[in-house]
Structures are given as structure tokens and as C-alpha cells.
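# Descriptive structure summary
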Amino acid sequence: MLPDQNGCLAAGAFSSDERAAVYRAIQTRRDVRDEFLPEPLPEELIARLLGAAHQAPSVGFMQPWNFVLVRQEETREKVWRAFQRANDEAAEMFSGERQAKYRSLKLEGIRKAPLSICVTCDRTRGGAVVLGRTHNQQMDLYSTVCAVQNLWLAARAEGVGVGWVSIFHESEIKSILAIPDHVEIVAWLCLGFVDKLYQEPELAAKGWRQRLPLEDLIFEEGWGVR
Ligand SMILES: Cc1cc2nc3c(=O)[nH]c(=O)nc-3n(C[C@H](O)[C@H](O)[C@H](O)COP(=O)(O)O)c2cc1C
């Protein structure tokens, strides 16, 4: 199909099979902590996932992301230790039964997954004034999150599990990976093949928190109006 004189291609709804595939990826994507298989991911597959991430929308087309691929066990071990320290602090923020439940949860797959990707946001990319980011500086971070979600959905279609780890002091991870000051860590992602996934979010399955009814979250024309 050739683009028209404005560079546009014909668009329209996908076929029903294609639509079903997209919704299946969305509905069956899970955050994975423990189901990782040890086989390394082929380089071409990793390239496809990064390609999907790089297709994400970004404010002013800023593309503020970088992807630091971490395969070495030694580095992942250091990051896991940083997680472990922060996770102990996190547990102390809950009390009683909730704390016991928190401690029973596995909240990372840093050592088990064969690949980690540290997704970062360069807050200076594109210069001091970026189109669309003029009134909310956070938009570069939100853009980077879009890249993570693209990767996560593409990974589901590829049979690759992804787990997002955020429990650590950012400064510790920045120092392990020599990430400069103006670059912020958005996500530590653990990746590996999986042959099974939880049917519902693991936190729901384990009784931590349930999915909210969608209808409670939708307002009409103004806040609180149903
Ligand atoms: C910004 C963000 C940070 C997250 N950080 C963690 C984390 O540190 N550890 C963890 O086990 N899961 C983490 N998760 C995964 C969520 O717990 C998970 O997405 C949620 O429970 C819903 O489950 P699902 O992704 O399987 O649908 C994070 C998810 C997001 C979007």
C-alpha cells in the first residue's frame, strides 16, 4: 500500500482475528516474578521488543528513553541486594497481618530472569524547551512509561514474561550502572520466557488487592458524575 501525497496510509479497524490478538495480549499480560525460564532470549527477539518500545508515543517526539541491558549475574546480584534492602524497609511500612502478607509476596525476579532491562528517561533530551512539555515537566516520564507498556505487550505476544521492579533506592541502581545525574530510572524490568502466567494479577490471586469495578471509575462530563 502506498502513502498518499501527505504521507498517510489508509487506516481502519483491524480484521477480527487481528483485533482479538491485540485484546488477548492486553488481557493476558501479567507482571511476572517467579515463572521465568532460564533460557536466554535470542538477540533478534530482544531487538523486536526494544523496537516496540521505541515506537511509543513521546511528548514532542522527545524519545527520552534509553535501555540498559543487564545480563551479567554479578550485576543482577548487586541490584537484587539493593532490592532486598529496600524491600525490608518497605515491609516495615505495613503493620500486623498486612506486614506478614507483604513479606510472603515475591516482588521481583531479578536473579531468576535471564535478562534485566533498566529503562531510563533522559530529562534533558531535546533541550530546555520541548514541545508539549512546556507546562508539565513530568511528560517525559509518562512518555517513557508508554515505551515500557509497548515492550510489555509485545513481550506477551512473544511468550516472554516481564516483571517491573521499583522497590529500591534509585541512587543505588544509578551507581551500579553508572547512570548520569540528569537521567532518571523509570523501570527495572526482568525478562524471560514463560510457559505459564497467572490468570489474574498475582496480587489479586494472593489476596493483596482486587481489581476495582470499571464502572466505579468512569464519570460523565465532570468529576464524580455518574
Ligand atoms: C509503575 C509500576 C511499578 C511496579 N513495581 C512493582 C514492583 O516493584 N514489584 C512487583 O512485584 N510488581 C510491581 N509492579 C507490578 C504490579 O504489581 C502489577 O502490574 C499489578 O499488580 C497488576 O498485575 P498485572 O500486571 O499482572 O496485571 C509494578 C507495576 C507498575 C505499573
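The structure this text deals with has already been given above.
Reference entry: report on the structure contained in this document. (Residues numbered from 1 in each chain as written. Predicted model: local features only at pLDDT ≥ 70, side-chain atom pairs only at ≥ 80, totals over all residues. Heavy atoms only, no water.)

Taken together, Arg29, Arg30, Asp31, Arg33, Leu107, Trp164, Val165, Ser166, Ile167, Pro201 and Leu203 make up the full set of residues adjacent to the ligand. Between Leu107 and the ligand, the recorded distance is 3.0 Å, taken from a backbone N or O atom to a nitrogen atom. In the environment of the ligand, a nitrogen atom lies 3.3 Å from a nitrogen or oxygen atom belonging to the backbone of Trp164. If the ligand stood free it would expose 610 Å²; the protein chains cover 72% of that surface. Of the residues assigned to the shell around the ligand, the class counts are 6 nonpolar, 1 polar and 4 charged. (Near = heavy atom within 4 Å. Polar contact = N/O pair within 3.5 Å; in protein donor to acceptor, adjacent residues only side chain to side chain. Areas by Shrake-Rupley, 256 points an atom, 1.4 Å probe, with all protein chains shown as cover. Nonpolar A, V, L, I, M, F, W, Y, C, P; charged D, E, K, R; others polar.)

Right, let's get into the nonpolar core. If you look at the biggest cluster of nonpolar residues, it comprises 26 residues, and the most contacted ones within it are Ile110, Val165, Ile173, Leu177, Trp188 and Cys190. Sorting the residues of this core by element identifies α3 (73–92), α6 (170–177) and β4 (183–193) as the ones contributing at least two each. Excluding anything up to four places from it in sequence, Cys190 contacts Phe36, Gly109, Ile110, Ala113, Leu115, Ser116, Gly161, Val162, Gly163 and Val165. Counting residues in each nonpolar core, the second largest holds 24 residues, with Ile46, Trp65, Val148 and Val186 among its members. (Core = buried A, V, L, I, M, F, W, Y, C linked by side-chain atoms within 4.5 Å. Buried < 20%, exposed > 50% of the residue type's maximum accessible area, 1.4 Å probe, protein only. Helix = DSSP H or I, 4+ residues; strand = E, 2+ residues; numbered from the N terminus. Contact = heavy atoms within 4.5 Å.)

Before going further, it helps to examine the pattern of salt bridges. Tallying each qualifying case throughout the model produces 17 salt bridges. One salt bridge in this structure joins Arg33 and Glu202, with 3.2 Å as the shortest N-O distance. Pair noted here: Arg33 is in the loop between α1 (16–28) and α2 (43–54) and Glu202 is in helix α7 (residues 202–205), with a separation of 169 residues, a long-range link. Arg125 serves as the salt-bridge partner of Asp122, at 3.7 Å between the closest nitrogen and oxygen. Among the charged side chains, a network of salt bridges with common partners joins Asp31, Arg33, Glu202 and Lys206. (Salt bridge = Lys/Arg side-chain N within 4 Å of Asp/Glu carboxyl O.)

Enumeration according to the criterion identifies 5 aromatic pairs in this entry. Plain terms: the ring middles of Phe94 and Trp208 are 5.3 Å apart, the flat faces sit at 85 degrees to each other, and that makes the pair edge-to-face. Placement of Phe94 in the loop between α3 and α4 (96–104) and of Trp208 in the segment after α7 is noted, with a sequence separation of 114 residues between them. Take Phe94: its relative accessible area is 30%, and that puts it in the partly exposed class. (Phe/Tyr/Trp six-rings, centres within 6.5 Å; stacked < 30°, edge-to-face > 60°.)

Let us look at the sheet that holds strand β2 (residues 115–122). The 4 strands are arranged β1-β2-β4-β3 in an open sheet whose pairing can be described as antiparallel. Looking along the sheet, the strands with just one partner apiece sit at the ends: β1 (65–70) and β3 (160–165). The mean angle between the axes of side-by-side strands here comes to 25 degrees, regardless of whether they run parallel or antiparallel. Here β2 pairs with β4 via 8 bridges, running antiparallel. (Pairing = 2+ DSSP bridges. Axes fitted to C-alpha atoms, helices over the stretch in contact; angles between N-to-C directions.)

In this section: α6. Every buried residue belonging to α6 is among Ile173, Lys174 and Leu177, and all of these are buried. In an axial view of α6, the angular spread of the buried residues amounts to 100 degrees, which keeps them on one side of the axis. Seen from the buried face of α6, the exposed residues on the opposite side, beyond 90 degrees, are Ser171 and Ser175. Against the buried residues of α6 lie β1, α3, β2 and β4. Once α6 finishes, Ala178 follows within two positions and takes phi at roughly 55 degrees, a positive value. (Arc of directions from axis to C-beta.)

Turning to the side chain of Asp122, a few remarks are in order. Here Asp122 lies in strand β2. Polar side-chain contacts of Asp122 include one of 2.7 Å to the side chain of Thr124. Ignoring sequence-local partners within four residues, the contact set of Asp122 consists of Met62, Pro64, His182 and Val183.

All right, on to α2 then. Taking 1.5 Å per residue as the helical rise, α2 with its 12 residues ought to reach 16 Å, and the 16 Å between its terminal C-alpha atoms agrees with that figure. Where α2 is concerned, the buried positions are Leu45, Ile46, Leu49, Leu50, Ala52 and Ala53. Considered in projection along α2, the buried side chains sweep an arc of 155 degrees and stay on one side of the axis. Taken together, the buried residues of α2 touch β1, β2, α5 (139–157), β3 and β4. (Expected span 1.5 Å × (residues − 1).)

Functional significance is not addressed by these values, which are geometric in nature.
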